[in-house]
Amino acid sequence: MKDMIRAIRACKTAAEERAVIRKESAAIRAAINENDQDYRHRNLAKLMFIHMLGYPTHFGQMECLKLIASAGFPEKRIGYLGLMLLLDERQEVLMLVTNSLKQDLNHSNQYIVGLALCALGNICSAEMARDLAPEVERLLQFRDPNIRKKAALCSIRIIKKVPDLAENFINPAAALLKEKHHGVLITGIQLCTDLCKVSPEALEYFRKKCTEGLVRTLKDIINSPYAPEYDIAGITDPFLHIRLLKLLRMLGQGDADASDTMNDVLAQVATKAESNKNAGNAILYECVETIMSIEDNGGLRVLAINILGRFLSNRDNNIRYVALNMLMKAITVDAQAVQRHRATILECVKDSDASIRKRALELVYLLVNESNVKPLTKELIEYLEVSDQEFKGELTAKVCSIVEKFSPEKIWYIDQMLKVLIEAGNFVKDEVWHALIVAISNASDLHGYTVRALYRSFQTSAEQETLVRVAVWCVGEYGDMLVNNVGVLDIEDPTTVTESDAVDVVEIAIQRHALDLTTKAMALIALLKLSSRFPSCSGRIKDIIVQYKGSFVLELQQRSLEFNSIIEKHQNIRSALVERMPVLDEATFSGRRAGSLLTTVSTSSRASHNLPNGVAKPSAAPLVDLLDLSDDAPAPSSSDGNFLHDLLGVDLAPASAQSGTNQASKAGTDVLLDLLSIGSTTPVQSNSSTPDMLSSGLDNQKQIATLDALSSPLPSAPANSSVGASSMMDLLDGFASSPSKREDNGSVHPSIVAFESSNLRVTFNFSKPPGNPQMTLIQATFINLSSDAFTDFVFQAAVPKFLQLHLDPASSNTLPASGNGSVMQSLRVTNSQHGKKSLVMRIRIAYKLNNKDMLEEGQINNFPRDL
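Cut-offs and rules
Residues numbered from 1 in each chain as written. Predicted model: local features only at pLDDT ≥ 70, side-chain atom pairs only at ≥ 80, totals over all residues. Heavy atoms only, no water. Helix = DSSP H or I, 4+ residues; strand = E, 2+ residues; numbered from the N terminus. Buried < 20%, exposed > 50% of the residue type's maximum accessible area, 1.4 Å probe, protein only. Contact = heavy atoms within 4.5 Å. Areas by Shrake-Rupley, 256 points an atom, 1.4 Å probe, with all protein chains shown as cover. Core = buried A, V, L, I, M, F, W, Y, C linked by side-chain atoms within 4.5 Å. Phe/Tyr/Trp six-rings, centres within 6.5 Å; stacked < 30°, edge-to-face > 60°. Axes fitted to C-alpha atoms, helices over the stretch in contact; angles between N-to-C directions. Left-handed = near helix turned anticlockwise from the far one by under 90°. Nonpolar A, V, L, I, M, F, W, Y, C, P; charged D, E, K, R; others polar. Polar contact = N/O pair within 3.5 Å; in protein donor to acceptor, adjacent residues only side chain to side chain. Parallel < 35°, antiparallel > 145°, perpendicular 65-115°, else oblique. Pairing = 2+ DSSP bridges. Expected span 1.5 Å × (residues − 1). Patch = residues over 30% accessible without salt bridge, like charges linked within 9 Å, V, L, I, M, F, W, Y side chains within 5 Å. Salt bridge = Lys/Arg side-chain N within 4 Å of Asp/Glu carboxyl O.

Q: How should I be thinking about the overall build of the protein in this particular structure?
A: Helix and strand counts for the protein come out as 38 helices and twelve strands. Split into buried and exposed, the 867 residues of the protein put 48% on the buried side. Considering only contacts in the protein between residues 6 or more positions apart, those separated by 24 or more positions represent 68%. Accessible surface, the protein as shown: approximately 41,100 Å² in total, 49% of it carbon and sulfur.

Q: Please explain the side chain of S441 as it appears in this structure.
A: Among the secondary structure elements, S441 is positioned in helix α25 (residues 430-442). Those residues in contact with S441 that lie beyond four places of it in its chain are H447, W473, Y478, V583 and L584.

Q: Got a minute to help me understand the nonpolar core in this structure?
A: General note: in soluble globular proteins, nonpolar side chains tend to be found buried as a group. Judged by nonpolar contacts, the single largest core of 210 residues is most densely connected at L83 and F206. Per element, the largest residue contribution to this core is twelve residues, and it comes from helix α27 (residues 465-484). Beyond its immediate sequence surroundings of up to four residues, L83 is in contact with C64, L65, I68, L94, V97, A119 and I123. I752, A754, L760 and L849 belong to the second-largest nonpolar core, a separate cluster that totals 34 residues.

Q: Help me understand the packing of aromatic side chains in this model?
A: Given two aromatic rings, their pairing is described by the distance between the two centres and the angle made by the two planes. For the structure on display, the rule yields ten aromatic pairs. Ring plane angle 55° and centroid distance 5.2 Å describe the contact between F782 and F795, whose orientation is recorded as tilted. Highlighted residues: F782 in strand β7 (residues 775-784) and F795 in strand β8 (residues 790-798), separated in sequence by 13 residues. Taken as a pair, F782 and F795 share a single burial class, namely buried. Consider the rings of F790 and Y847, whose centres lie 4.0 Å apart with planes at 15°: the pair is stacked.

Q: Help me out: how do you make sense of the side chain of D194 in this one?
A: Assignment of secondary structure puts D194 in helix α11 (residues 182-198). For D194, a relative accessible area of 5% gives the class buried. Among all residues touching D194, those that are not within four sequence positions of it are I156, I159 and K160.

Q: Can you walk me through the packing of helix α15 (residues 256-272) against helix α16 (residues 278-293) in this structure?
A: To describe two helices that pack against each other, one gives the angle between their axes and the distance between the axes. Interaxial distance between α15 and α16 falls to 9 Å at its minimum, and their mutual angle equals 145°. Considering the relative orientation of α15 and α16, their crossing is left-handed. From α15, L266, V269 and A270 reach across to α16, where they touch I283, L284, C287, T290 and I291. Across the contact of α15 with α16, the residue classes tally to seven nonpolar, one polar and no charged.

Q: Looking at this structure, how should I read the environment of Y383?
A: Note on placement: Y383 falls in helix α22 (residues 373-384). Sequence separation between Y383 and L346 is 37 residues; the distance between their C-alpha atoms is 9.7 Å. Y383 has contacts with V349, K350, R357, F391 and L395, leaving out every residue within four places of it along the chain. A polar contact is formed between the side chain of Y383 and the backbone oxygen of V349, at a distance of 3.5 Å.

Q: Got a minute to help me understand the packing of helix α26 (residues 447-460) against α27 in this structure?
A: It is at 8 Å that the axes of α26 and α27 come closest, and there the two elements cross at 130°. On the basis of their axis angle, the class for α26 and α27 is oblique. Seen from above, α26 lies across α27 with left-handed handedness. Taken together, the residues of α27 that come into contact with α26 (itself represented by H447, G448, T450, V451, R452, L454, Y455, S457 and F458) are L467, V468, V470, A471, C474, V475, Y478, M481 and L482. Grouping the amino acids of the contact of α26 with α27 by side-chain chemistry returns 13 nonpolar, four polar and one charged.

Q: Please explain the sheet that holds β8 as it appears in this structure.
A: The pairing of strands in a sheet happens through backbone hydrogen bonds and is either parallel or antiparallel. Overall, antiparallel pairing links the three strands, which are arranged β8-β11-β12 in an open sheet. Strand pairing shows two members of the sheet lacking a second neighbour, β8 and β12 (852-860), which therefore form its edges. Neighbour-to-neighbour, the strand axes of the sheet open up by a mean angle of 15°, direction not taken into account. Summarising the sheet, strand β11 (residues 841-849) and β12 pair through nine bridges and their orientation is antiparallel. Bridging across to β12, M841 finds its partner in I860.

Q: Where do I start with helix α18 (residues 317-330) in this structure?
A: Turn by turn, an α-helix covers 3.6 residues, leaving residues three or four places apart pointing in a common direction. In a regular helix each residue adds 1.5 Å, so 14 residues correspond to 20 Å; α18 covers 20 Å between its end C-alpha atoms and thus fits that length. Those residues of α18 not exposed but buried are I319, R320, A323, L324, M326, L327, M328 and A330. Buried positions along α18 lie against α16, α17 (298-312), α19 (335-339), α20 (342-349) and α21 (354-367).

Q: Any chance you could explain the environment of L361 here in plain terms?
A: One can find L361 in helix α21. Contact partners of L361, with chain neighbours within four places excluded, come to V349, L380, F391, E394, L395 and K398.

Q: Help me understand a nonpolar patch on the surface, please; the structure alone is not making it clear to me.
A: Taken together, the side chains of M52, L81 and L85 make up a nonpolar region of the molecular surface, amounting to roughly 270 Å² of accessible area. As for its position among the elements, M52 is in helix α3 (residues 40-52). M52 gets classed as exposed once you look at its relative accessible area, which sits at 58%.

Q: Would you mind showing me how to read unusual backbone geometry here?
A: Trans peptide bonds make up most of the peptide bonds, and negative phi angles are found at most residues other than glycine. Within the chain, D237 stands out as a residue other than glycine whose phi angle is a positive 40°. Residue placement: D237 occurs in the loop between β2 (235-236) and α14 (238-252). The residue D792 is not glycine, and still its phi comes out positive at about 50°. Mapped onto the secondary structure, D792 falls in strand β8.

Q: Hey, could you run me through helix α9 (residues 145-161) in this one?
A: Here α9 spans 25 Å end to end across 17 residues, near enough to the 24 Å set by a 1.5 Å rise per residue. Along α9, the residues classified as buried are I147, R148, A151, A152, C154, S155, I156, R157, I158 and I159. Tucked into the core, α9 has its buried residues touching α7 (110-123), α8 (126-139), α10 (170-176) and α11. Among the residues of α9, the N-terminal cap falls to D144, whose side-chain oxygen and the backbone nitrogen of N146 are separated by 3.0 Å.

Q: Looking at this structure, how should I read the pairing of β8?
A: When a strand is regular, its side chains alternate between the sheet's two faces. The buried fraction of β8 is high, at seven of nine residues. In this sheet, β11 lies alongside β8 in antiparallel orientation, the contact comprising seven bridges. The residue bridging T791 from the neighbouring strand is K848, located in β11.

Q: Any chance you could explain the pairing of β7 here in plain terms?
A: Here β7 lies mainly inside the structure; seven of its ten residues are buried. With antiparallel pairing between neighbouring strands as the criterion, strand β6 (residues 760-768) and β7 make up a hairpin whose turn holds six residues, including G771 at a positive phi of roughly 85°. Where β7 meets strand β10 (residues 822-831), nine bridges bridge the pair, whose relative direction is antiparallel. Considered in β10, the bridge of T776 is made with V829.

This is the structure in structure tokens:
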């Protein structure tokens, strides 16, 4: 053996080592074939060494079995060691060793019994467990403590392999809990813990019979005098402490009586364990986890969280990390107690260790609420200034999320977001600055304040690209307010800005960020708007725009040509064309996902819930839920592949027949888009203040599509006009003829009861404008049939693609009780298949009744056929 090891170590290359191994393996094979019994155990020892080097040794497996069958202890020891190393429970040859194991478990020599138990505990299969469980159960009561300890460990393997055998070990395991020998006690506690995991009966048994005994054992260990054989750093057997606490945690979880029994001893452990030693900290951590897991005890939990607070001040990074992990669990149980350690947690956000920084930031995010959002945000933004570059992205995302989620007022929200843009604008994601622009557009009283703040920020932080985009957008929209100092607040410093200065901002942006398409495109739109707001700078603006007429980027070239044509040829329409954007609807941006095609449903009155002087927050229920499109269930299918037939329950077969076989293979996403007229060449006419902002699914057009949604210069159509997209204007070839006004004296059709429930009745009255048979005007009347008033009333509707739907705002969002009043709402439906298909509509009505959210849905199929 020594010569072989010496020869292998002397090898200088892998090839030499392989040659030595081949030579030794050949010699061992020859000895096996000769049935050399004198050197069998030595040959197996060599095989085990070769196996540990990674070379194949399967040819020696039977030698293990022969050595195990030998009578002597040395041979059995090598045989069992080889069995555990060279074989595992998946080997079929293992079946041959079961009888030998059974004989050795009943052997008179306790050392041979120990060898068998050790081997069985390592390679026991389910079949072996069933065959040998009675012998192992008997050995749990053996006279020698070492055998009892090994039998307990072997029992753990058996119940894991065959949980049905757990009930046989409950009583012997309970007896082990009374042992004085610490080795046997630890293994007995571990056996009880595993029994509780696999058997509810065992858990109940130990909970009723053993809880008090375990508590006494833990008290004895806490108060025990110095014992050198169990002492670790001045603490008596910390391993036994931890095992006991884990078992008590399992017994106390979900049981108030057991929890009460262990409260006192847990308090003693928490106060007596030494926190200046690693073993003491391990006991304290396990004690805290036990306290947080058992049934409610307010005082103990506060004590546990205070211990975690002390952990956060420890110099050991591992201790601080586990403390942060535990506090994240504790915050769901007692958030107020965790809040007391907020300052220490904030310091951990600034730690040099990346793992601690990340975990502390996640904990701070969970700690934020309406009462502490301002000081916490202030601390995080101050740290953002000095944080590492690799940590800035994650920190910025958390700060933006906190500000958006808990903002108490709009001016504070805008101020904090501007600070983030100044310090880490290049790390801010697109959806964040989109939401900021939406919030700015909704804060009409802060437009002047915001554009002045952005102007000042631009002077010092023009390298932050996201800040530049927001600044350019605001200067384009509210540049006149910047120059005229409109809406100056008391907290502002006086600022003098000329028209030329405002144009300078956009010109600097378009030159400095020359490689960024989105920024340049936004800057061109801002210049077009400023050309109308500042006529004296129109010539300079035109010169800047003309520079991009020859751009290789098609998007910029097209914008440059069109905008230049507006400035030169269409002075009479320019002011109307570049009016301020209408207030952007925050609900339009909620639920958007990058690179995905999303649906939009026409809605009325309440698109978002606005807090007093607070940031408007998205509606709790996405509008797309009207058609249950967000359900994870698979989409319904029909024999002809027509999803609309299944979705709306109407016969759309003629449309499918006309479209041919290609229609049947159309993607499911396209069908859903068609349902709501998204992607149609003819846009839905709307006089709502919310523009249609649909994200492009193409990667190379995604940013421009978002840009158009935020900065489109098209004005909203007047309420009494219907202007087609193709006839509105030709920016290069002149202005189209004026659209004709719609007459009001149209034909009238019979009214219908569109929907009726125990609480609500909806009536539709129809009329048609003369000369336009495809269009139907619907006057919806909502009557409350209940004895209580409805509040927060919202009506939503969806139609298939061949219909186009527009909803005007409802007359009120409150519906009086008992029919003492009504709410009126106008709808306009255009039927492109007039005369072939009748109207069909699916509706959803949401309201609050006695402060309880109510929802009613229905499908309307009883429209008059001539509509």
